[in-house]
Amino acid sequence: MINAVGRDIPEEILRLTGKEVFQGNNHFDGYEYRRQAPKVKCVIDPEKSKLRSSIREVLEACGIKDGMTLSFHHHFREGDKIVNMVMKEVHDMGLKDIRLCASSLGKAHEALVPMIEDGTITEIRSSGVRGEIGKVISEGKLKGLAYMQSHGGRVRSIVSGEVKIDIAFIGAPTADDYGNCSGIGGTSDCGVLSYAAADADYADNVVVITDHLVPFPNMPAQISMTKVDYVVQVDQIGDPAKIATGAAKPTSDVRKLMMADNCTSFVINTPYFKDGFSYQTGVGGASIASAVALSKIMKERGIRMRFGVGGLTKPMCDILNNDQVDCLLDTQDFDLDAVENVKHPRHFYISADEYANPFNKGAVVNRLDFVILASLEVDVHFNCNVVVGSDGVLTGAQGGHPDTAAGAKCSIVITPLVQGRIPAVCTDVTTVTTPGESVDVVVTDYGIAINPRRQDLMEAVKDAGLPLRTIEELRDIAYSITGEPKKVQFGDRVVGIIESRDGTIMDVVREVKEFSFAE
Amino acid sequence: MDIIKPAVAGTMESSDCQVTIEPGNGGIELDIQSPVIHQFGDQIRKTILETLKDLDIENARLTVVDKGALDCTVRARVEAAAYRSVGQKDALPWGGAIR
Amino acid sequence: MMNPDKKRLRRTMMFLNAQKPSLIKDPYIYKPDSLMFDLEDAVAENQKDAARFSLYHALRTIDYRGCEKVVRINGLDTDLWKEDIRCAVAAGCDVIRISKTETGADVKAVEARVEAAEKEFGRPEGSVLIMAAIESCKGVLNAQEICGASERLFGIALSGGDYTKDLQTSISGTGVELMGARQILIIAARAAGVQCFDTVYTDLDNEEGFRREVEMIHTMGFDGKSIVNPRQIHIVHEIYTPAQKDIFFAEKVVREIDSKKAQGIGVFTVDGKMIDIAFYDGAKRTIELAKASGVYKGDL
């Protein structure tokens, strides 16, 4: 069945997943449902301890068995040790058909590859996968499907009961023996625990794993003891050097600076750029340079930001430190400056639910004026692909891309027009992750294209002297440089689905196959 | 042009491609690796074959490790490898066989 | 007939290693006035051959979107420069840049080869220009002879690195060691009616120092500067942007001279200043600079 972005979703996948095809961003607006409720095992006896001495012991205490769904968060990013630690034990116990529900998986988790191959893990839900995990999934070695979810979409799937988490594992930089945990402190400081909040609320069993046990009470707790069944202390939950790196050096790449310039010039010429505006930006060189440039212009014009959202990095925290913004709303910290900045009284921790879930009573993304995003590919319909690489292999993450793009009044995608030999602006993206209806502007090193749906934006910037082009013109320039690309040759089997934030199917990802030359 | 000595041209840097040319076994043999093989594999192959034809090379084995090179670079590297193989450095046929 | 490009605007000339595909695939994006594809120092000795093929196909295929295409050939003391010229001219370059020019005879030697290549590859006679880089004390002292050696020569450039070695000193950052050469070259160039370009500035992180140097050479009368990194381009262009009052004045001068010429009047006043035909070229240049800098709103 053809969905709203023109992708043909095979009937068998609709049957298999019980899902509908994507029918537009606001299709489910006003939809009523009852949230799922987790099983709660009461702790009344004050003598009872929640502490367990090992992962194995806690797995047994939770009654782990084949087919269960285990969940993890990715606040430790490429420094995460929790997933491998737990899954090694699961594997050693000989368990099968485990469903992973991770907020994201990366290169830190390549130890999972043999577990995918031998059937320990047979289904994966994640914002994204990178490296070897993406490769084995694309090679068809995962028995079930990989569900690629946005951060908001993941929370929706948990809250709505589509996904029932049996055991949630929450790596916590600090925790007390009753399970009050926080992203702040210890040696694996990651700032916040936003992605784990829904897991704590909705999993039947909640296990906190920490390497820094503090005396009760660990306050303020980002996740409360009232939701935690067990606490395990281990040697190390993460590699601090890879959790939060030093702030990226401001880019000196002139191409990125030019794109940042174009982006900033666009932003300040829209009607949304006024006192009290809100803003979110990514971690790419151009996005960061744009935030730096914006802060300068805000100062010159006496314009103050009401709130910033992130995925936070140093430049956004600098805006707070310079008192140019009223507050920051934080779901994740990408560098040490952002982690440190969590202690600022106007830097607030929010859960992924508050951040982006489309199935609650209104999320932060809906109140955004601007979001600055990146993309592997954008097509002439403004659809974006942030998950499938040019070789057809799963290699990125949806993250908050579709959520923020859908919510923000002005969604800007920055990308160099040509990356390697791949034209970033093309006729049809390999795989749709964010629908064109969410994307308003594409900024490249060869000019800026505004989505024709946004005549208001075209009108607003028409005299600003910006290098405006149509999206088709950008594509044509790209193709004139690289030649017209052929489509990736996929096999037949569907190995993954791109889940829209509302749970419908945006696109499918098929098995890769070896390239064969024409004739 | 007769390929007698093996020769290499180009680098493994991004946007470049490394071409190794060797004597063939009575025809053209091509081995192409590229991160953009799906999108441009056919185009790269076509460019290489055209270049060989222009140079009048009918018997060679080429190993091409592409790093996202544009056609003009692919052409340049094949020619550089071929002329290295025969040791010709001057009086090159610019605008003739090289085009 | 003079090649009309001889006097074109050349504020920035960006060096690119002709052998590096990632550098030559779209440098026009940074909008320098000229691109200088290097076959000489940037290219390793054992890659000189490969660089030519790379240059040839880049110039033949890539649309450099109005940037002037200059090719720096290997020194006349090598066995490479003659084939470099054949390659560059066949490929469609606009300019051959001679390195280590020391005499007018050097320019004439290159001129002869360029002319032969134009014939060989069917390009109109005179379509390829020449510029001479001066990199030695002898070259500096022969600047006048070099400037006048060929009708094709549009300008000379100082190459500070080699020149200071010849002087037995080094680049200090103060500019004191280059003072004499800069003065001699700009005077010789102006006397011969050709352009003059300043050497590169390699301390990339010192933006202030770069800015000071560009302001200085701008004041000295240089037409532009050689560039090693795209981040230097906008700074040069900014410094070379004429002030609004100068643009207004230039506009008046051009209009007045155009109309007074028709009436046969030779000397008159604009804004209280005595003006004659000698002001015309300068005023035209100001308008052209203003257009290139994107600050000209008039209709001249």
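Residues numbered from 1 in each chain as written. Chains lettered and ligands numbered in written order. Predicted model: local features only at pLDDT ≥ 70, side-chain atom pairs only at ≥ 80, totals over all residues.

### Focus: the overall build of chain B
Alright, step 1. Within chain B, the secondary structure is distributed over 2 helices and 4 strands.
Alright, step 2. When the helices and strands of chain B are read in sequence order from the N terminus, they spell out β-β-β-α-β-α.
Alright, step 3. In terms of principal-axis extent, the alpha carbons of chain B reach across some 35 × 30 × 20 Å.
Alright, step 4. When each of the 99 residues of chain B is scored for burial, the buried share is 48%.
Alright, step 5. Nonlocal contacts in chain B, meaning residues at least 24 apart in sequence, comprise 73% of its contacts between residues at least 6 apart. (Helix = DSSP H or I, 4+ residues; strand = E, 2+ residues; numbered from the N terminus. Buried ≥ 20, exposed ≤ 12 C-beta atoms within 10 Å, placed from the backbone. Contact = placed C-beta atoms within 7 Å.)

### Re the sheet that holds strand β21 (residues 425–426) of chain A
Residue and element names in this part refer to chain A.
Alright, step 1. Overall, mixed pairing links the 3 strands, which are arranged β17-β16-β21 in an open sheet. Here the strands that pair on one side only, and so sit at the sheet edges, are β17 (384–385) and β21.
Alright, step 2. Pairing geometry for strand β16 (residues 377–379) and β17, over 2 bridges, is antiparallel. The partner of Val378 across the bridge, within β17, is Cys384. (Pairing = 2+ DSSP bridges.)

### Quick notes on the interface of chain A and chain C
Alright, step 1. Facing the 5 residues of chain A at the interface are 5 residues of chain C.
Alright, step 2. Counted by class, the side of chain A that touches chain C contains 2 nonpolar, 1 polar and 2 charged residues. (Nonpolar A, V, L, I, M, F, W, Y, C, P; charged D, E, K, R; others polar.)

### Remarks on the packing of helix α11 (residues 244–263) of chain C against helix α12 (residues 280–292) of chain C
Residue and element names in this part refer to chain C.
Alright, step 1. Relative to each other, α11 and α12 sit at 130°, their axes nearing to 9 Å. In terms of orientation, α11 and α12 fall into the oblique class. Along this stretch, α11 crosses α12, giving a crossing that reads as left-handed. Across the interface between the two elements, Asp246, Ile247, Ala250, Glu251, Val253, Val254 and Ile257 from α11 touch Tyr280, Ala283, Lys284, Thr286, Ile287 and Ala290 from α12.
Alright, step 2. For the contact of α11 with α12, a count of residues per class yields 9 nonpolar, 1 polar and 3 charged. (Axes fitted to C-alpha atoms, helices over the stretch in contact; angles between N-to-C directions. Parallel < 35°, antiparallel > 145°, perpendicular 65-115°, else oblique. Left-handed = near helix turned anticlockwise from the far one by under 90°.)

### So, the interface of chain B and chain C
Alright, step 1. Tallying the contact residues gives 21 residues for chain B and 17 residues for chain C.
Alright, step 2. The element best represented in the side of chain B that touches chain C is helix α2 (residues 71–86) of chain B, accounting for 8 residues.
Alright, step 3. In terms of residue class, the side of chain B that touches chain C is made up of 10 nonpolar, 4 polar and 7 charged.

### Some words on the environment of Pro21 of chain C
Alright, step 1. Its place among the elements puts Pro21 of chain C in helix α1 (residues 21–24).
Alright, step 2. Filtering out sequence-adjacent residues up to four positions away, Pro21 of chain C remains in contact with Ser15, Asp16, Ala69 and Thr73 of chain B together with Ser54 of chain C.

### Side note on the confidence of the model for chain C
Caution applies to low-pLDDT parts of the model: their predicted coordinates are not meant to be read in detail.
Alright, step 1. Residues at a pLDDT of 70 or more form 100% of chain C, whose mean pLDDT is 95.
Alright, step 2. Scored as a complex, the prediction yields pTM 0.95 and ipTM 0.98. (pLDDT = per-residue confidence, 0-100.)

### Concerning the nonpolar core
Alright, step 1. Ile170 and Val207 of chain A together with Leu55, Ile96 and Ile156 of chain C are the most contacted members of the largest nonpolar core, which totals 279 residues.
Alright, step 2. The biggest single contributor to this core is α2 of chain B, with 8 residues.
Alright, step 3. When near neighbours in sequence (up to four residues on either side) are disregarded, Val207 of chain A contacts Val58, Cys62, Ile167, Ala168, Phe169, Ile170, Asp229, Tyr230 and Val232 of chain A. (Core = buried A, V, L, I, M, F, W, Y, C linked by C-beta atoms within 7 Å.)

### As for the sheet that holds strand β4 (residues 95–98) of chain C
Within a sheet, adjacent strands bond to each other through the backbone by hydrogen bonds, running parallel or antiparallel.
All names here are of chain C.
Alright, step 1. As summarised here, the arrangement of the 8 strands in space is β1-β2-β3-β4-β5-β6-β7-β8, forming a closed barrel in which the pairing is parallel. The mean inter-strand angle of the sheet, taken between neighbouring strand axes irrespective of direction, is 25°.
Alright, step 2. Bridging between strand β5 (residues 129–134) and strand β6 (residues 153–158) involves 5 bridges; their strand directions are parallel. For Met131, the partnering residue across the bridge sits in β6 and is Gly155.

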